[in-house]
Amino acid sequence: MLEVTALPLAELRRRSSEKWREYPADVLPLFVAETDFALAPEIEAALRRAIDLGDTGYVASRTPLPQTYAEFARRRFGWEADPARMRSTADVSMGIVEILRRVTQPGERVIVTPPVYPPFYELVAEAGAEVERVPLRDTGSGWELDLDGIRAAFADGVTAMLLCNPHNPTGTVHSRDSLAALAEIADEYGAAVVSDEIHAPLAQPSAGFTPFLDTGDAAERVGYAVVSASKAFNLAGLKCALMVTATDATSSVVRGLPVEVEWRTGQFGLLAAVAAFSEESDPWLDGLLRTLDHNRVLLEDLLAAKLPEARYRIPDAGYLAWIDLSALGWGDNPARRILKEAKVALHFGPAFGDEGRGHVRLNFGTSTEILTEAIERIAALVGR
């Protein structure tokens, strides 16, 4: 089995990306969703070939990416997606905004489900719509969509929903039944569902993953998915995502987008995505999932031993931990004190919505050494 391990800290500090340039060198950065692993070998080889050839021009009008992604979806999710109903763009956020602009009118409302990825609020506004908050329901052991609340919002005139599947920051993999019920409700009210599935390749095998468009006819009628290799394979800076549809009506919406939406796809991003979604990269992805499985459990053990007041549920997917530190009495935004006094950068919980007060989001896509040191630094604040 292929082992995927994080790079040494000294080597990581040579990187020039946001994670390693936002804060001084005495800060451990566990905030933004970048990982600390080397590129998958197939991706590195593809990019080196492109550099050797000077293959840095415009993205071609016909590329292997849709077919490659369709094969990936079949292997990993059992989903028969149609490559003819896919179109690329620069990133998932751009895809979301462009689709929302076509399925909503200015001033209409779009459901988001806080605590949720902070840019969702801005993307809805950028599309000219307004945010309608329907928070996730805390079951006591996890989180789930509030289907009753979603139905009430659609009945009150909301025209679309921005779904996070798997959910960021909780790492929730929504069940097939829940997604199918959501689709039926949206279909009943003539609403659209735009599903951000950027974290899908990072769902743990024990949790599985259900693409929204694969939950039945209603989902195909109302749904749009936006997917990317960027989170699983750490390719955010290369700019490539796919907008996926499943019917003639929804496909016509995406086909009707301006050609510049597709031309904004990065050439390196597309080449890297093809390599990432190829079958040759599956062993690396499986190795990454094993590493993240180890880290998500290690984090639970570290918190239990050193910060027992913290409340943390092991996520189903991804490398982001949603941690409730309210019991420590460090205020609505404990990440501020942690950054100032412990020199550990975490994502501010309130940025995810009111439900994030007292919470932090921690990126455990790193080495066990960095993760352990980060928790030890935070734990040292207790009692000060």
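Scroll up to find the structure this text is about.
A.B. asks: Tell me what's going on with the packing of helix α4 (residues 65-77) against helix α13 (residues 267-277), and back it up with residues and numbers.
C.D. replies: Running from amino to carboxyl end, α4 crosses α13 at an angle of 30°, the nearest separation of the two axes being 9 Å. Accordingly, the angle class assigned to the pair α4 and α13 is roughly parallel. Along this stretch, α4 crosses α13, giving a crossing that reads as left-handed. Judged by residue contacts, Leu65, Thr68, Tyr69, Phe72 and Arg75 of α4 engage Leu270, Ala273, Val274 and Phe277 from α13. Looking at the contact of α4 with α13 residue by residue, the class counts come to seven nonpolar, one polar and one charged.

A.B. asks: Lay out α4 in plain terms, naming residues and giving numbers.
C.D. replies: Along its 13 residues, α4 runs 17 Å from first to last C-alpha, staying within 8% of the 18 Å computed at 1.5 Å per residue. The set of residues buried in α4 consists of Leu65, Pro66, Thr68, Tyr69, Ala70, Phe72, Ala73 and Phe77. On its buried face, α4 sits against β2 (86-89), β9 (223-227), β10 (241-244), α13 and α14 (282-306). Within two residues after α4, Gly78 carries a phi angle of roughly 70°, on the positive side.

A.B. asks: Any details on the nonpolar core? Residues and values, ideally.
C.D. replies: Ranked by internal contacts, the top residues of the largest apolar core, which has 103 residues, are Tyr69, Phe212, Phe233, Leu299, Ile323, Ile338 and Leu362. When residues no more than four places from it in sequence are discounted, the contact partners of Leu299 are Tyr312, Ala321, Ile323, Leu362, Phe364, Leu371 and Ile375. Ranked by size, the runner-up nonpolar core spans 28 residues in total, among them Ile96, Ile99, Val194 and Ala241.

A.B. asks: Could you give an account of the sheet that holds strand β11 (residues 311-312), with specific residues and numbers?
C.D. replies: Read from one edge of the open sheet, four strands run β11-β12-β15-β14, paired in antiparallel fashion. At either end of the open sheet lies a strand with only one pairing partner, and these are β11 and β14 (347-348). Bridging between β11 and strand β12 (residues 320-324) involves two bridges; their strand directions are antiparallel. Bridging from a neighbouring strand, Arg311 pairs with Asp324 of β12. The sheet strands contacting helix α15 (residues 334-342) are β14 and β15 (359-363), and the helix crosses β15 at an angle near 55°.

A.B. asks: Provide a residue-level description of the environment of Ala160, including the pertinent values.
C.D. replies: Considering the arrangement of structural elements, one finds Ala160 in strand β7 (residues 160-164). Take Ala160: its relative accessible area is 0%, and that puts it in the buried class. Along the sequence, Ala160 and Ala60 sit 100 residues apart, while their C-alpha atoms lie 32 Å from each other. Among residues more than four places away in sequence, those in contact with Ala160 are Leu100, Thr104, Arg109, Val110, Ile111, Phe154, Ala191 and Ala192.

Calculation criteria
- Residues numbered from 1 in each chain as written.
- Predicted model: local features only at pLDDT ≥ 70, side-chain atom pairs only at ≥ 80, totals over all residues.
- Heavy atoms only, no water.
- Axes fitted to C-alpha atoms, helices over the stretch in contact; angles between N-to-C directions.
- Helix = DSSP H or I, 4+ residues; strand = E, 2+ residues; numbered from the N terminus.
- Parallel < 35°, antiparallel > 145°, perpendicular 65-115°, else oblique.
- Left-handed = near helix turned anticlockwise from the far one by under 90°.
- Contact = heavy atoms within 4.5 Å.
- Nonpolar A, V, L, I, M, F, W, Y, C, P; charged D, E, K, R; others polar.
- Expected span 1.5 Å × (residues − 1).
- Buried < 20%, exposed > 50% of the residue type's maximum accessible area, 1.4 Å probe, protein only.
- Core = buried A, V, L, I, M, F, W, Y, C linked by side-chain atoms within 4.5 Å.
- Pairing = 2+ DSSP bridges.

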